[in-house]
Amino acid sequence: GEAAEGDALRREWFEQATAEMVDPRRGLFLASQDGLRPNPHSASSAGEDHLSYFALLGRICGLALYHRETVGVAWSHAFLKAVFGYPLNFDDLASVDPALHQSQRTLLAMPAEELGAMCLCFEVDGDEAVVYEESSKRR
C-alpha cells in the first residue's frame, strides 16, 4: 500500500468522493450547460435512499469548505442559489433546462384567449411537494 499524509491526501479524498457521488451515471445529478444539477427523478435511478445520499454529499462538501479544500465540481447557478438560500426566480430555469424555460416563456407571452384555447392543466405531483416541504424545514 501507499503511505501518505497531510493536505494532499485530504484534498484527493474530497475530490474523489465528490466526483464519485456527482457522476451522472449514479443518478443523483444531471449534466447541463451551466454545470451539474440535481436529478428530480433520482429516486428511480439512485434508489429509495437517494435523499440520504444528498445529505451525505452536503456534509462532505461542508467539511471540504471547513478545510478550505475545493471539490472540483461545477454546480449550476440555480443549484448554488438554492443551496445557499437565495431566492430562485423564473430566469434561473434557463440554466437548468433551457428548452423548458423557452417554452414557459412562450406560454407567458401568449394572450389569455389563445392560452385558454389550449386547455392546459398544471398540477404539482404530491410526492414532489412533500420532498420540497420537508427539505424547506431543514434550512
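Residues numbered from 1 in each chain as written. Predicted model: local features only at pLDDT ≥ 70, side-chain atom pairs only at ≥ 80, totals over all residues. Heavy atoms only, no water.

Quick look at the side chain of Ser76 now. For Ser76, the location among the structural elements is in the loop between α3 (50-66) and α4 (77-83). When its relative accessible area of 0% is taken as the criterion, Ser76 is described as buried. Those residues in contact with Ser76 that sit more than four places away from it in its chain are Ser32, Asp34, Gly35, Leu36 and Arg37. (Helix = DSSP H or I, 4+ residues; strand = E, 2+ residues; numbered from the N terminus. Buried < 20%, exposed > 50% of the residue type's maximum accessible area, 1.4 Å probe, protein only. Contact = heavy atoms within 4.5 Å.)

What follows concerns the packing of aromatic side chains. Given two aromatic rings, their pairing is described by the distance between the two centres and the angle made by the two planes. Inspection of the entire model under this criterion finds 5 aromatic pairs. Between Phe29 and Phe54, the aromatic rings sit 5.5 Å apart at their centres with planes inclined by 70°, giving edge-to-face as the arrangement. On the criterion of sequence distance, the pair formed by Phe29 in strand β1 (residues 29-32) and Phe54 in helix α3 is long-range, its members being 25 residues apart. Take Phe54: its relative accessible area is 21%, and that puts it in the partly exposed class. Judged by centre distance (5.7 Å) and plane angle (90°), the rings of Phe29 and Phe79 are edge-to-face. Taken together, the residues Phe29 in strand β1 and Phe79 in helix α4 connect sequence positions 50 residues apart. Judged on exposure class, the residue Phe29 and its partner Phe79 are both buried. An aromatic cluster is built from Phe29, Phe54, Trp75 and Phe79, whose rings are joined through pairwise contacts. (Phe/Tyr/Trp six-rings, centres within 6.5 Å; stacked < 30°, edge-to-face > 60°.)

Let us now look at the nonpolar core. The biggest cluster of nonpolar side chains holds 16 residues, and the ones touching the most others in it are Val22, Phe29, Leu36, Leu57, Val73 and Trp75. Mapped by element, the contributors of at least two residues to this core are α1 (7-22) and α3. The contacts of Val22, once residues within four sequence positions are left out, are Phe29, Leu36, Leu57, Val73 and Trp75. (Core = buried A, V, L, I, M, F, W, Y, C linked by side-chain atoms within 4.5 Å.)

Turning our attention to α3. The first and last C-alpha atoms of α3 sit 25 Å apart over 17 residues, in line with the 24 Å expected at 1.5 Å per residue. Three or more residues of α3 are buried, namely His50, Leu57, Ile60, Cys61 and Ala64. The arc that holds the buried residues of α3, viewed along the axis, is 95°, so those residues lie on one side. Turned more than 90 degrees away from the buried face of α3, the exposed residues are Arg59 and Tyr66. (Expected span 1.5 Å × (residues − 1). Arc of directions from axis to C-beta.)

On the surface, Leu65, Val83, Phe84 and Tyr86 cluster together into a nonpolar patch covering about 480 Å² of accessible area. With respect to the element layout, Val83 can be found in helix α4. (Patch = residues over 30% accessible without salt bridge, like charges linked within 9 Å, V, L, I, M, F, W, Y side chains within 5 Å. Areas by Shrake-Rupley, 256 points an atom, 1.4 Å probe, with all protein chains shown as cover. Salt bridge = Lys/Arg side-chain N within 4 Å of Asp/Glu carboxyl O.)

Contact pair α1 / α3: the axes reach a minimum separation of 11 Å and the direction vectors enclose 155°. Looking at the two axes, α1 sits roughly antiparallel to α3. Regarding α1 and α3, the two cross each other, and that crossing is left-handed. Judged by residue contacts, Trp13, Phe14, Ala17, Thr18, Met21 and Val22 of α1 engage Tyr53, Leu56, Leu57, Ile60, Cys61, Leu63 and Ala64 from α3. Of the residues in the contact of α1 with α3, the class split is 12 nonpolar, 1 polar and no charged. (Axes fitted to C-alpha atoms, helices over the stretch in contact; angles between N-to-C directions. Parallel < 35°, antiparallel > 145°, perpendicular 65-115°, else oblique. Left-handed = near helix turned anticlockwise from the far one by under 90°. Nonpolar A, V, L, I, M, F, W, Y, C, P; charged D, E, K, R; others polar.)

On to the confidence of the model for the protein chain. Note: predicted coordinates in regions of low pLDDT should not be interpreted at a detailed level. Mean pLDDT over the protein chain: 81, with 84% of residues reaching 70 or higher. Ranking the helices and strands of the protein chain by mean pLDDT puts α1 first, with 90, and helix α8 (residues 126-137) last, with 52. (pLDDT = per-residue confidence, 0-100.)

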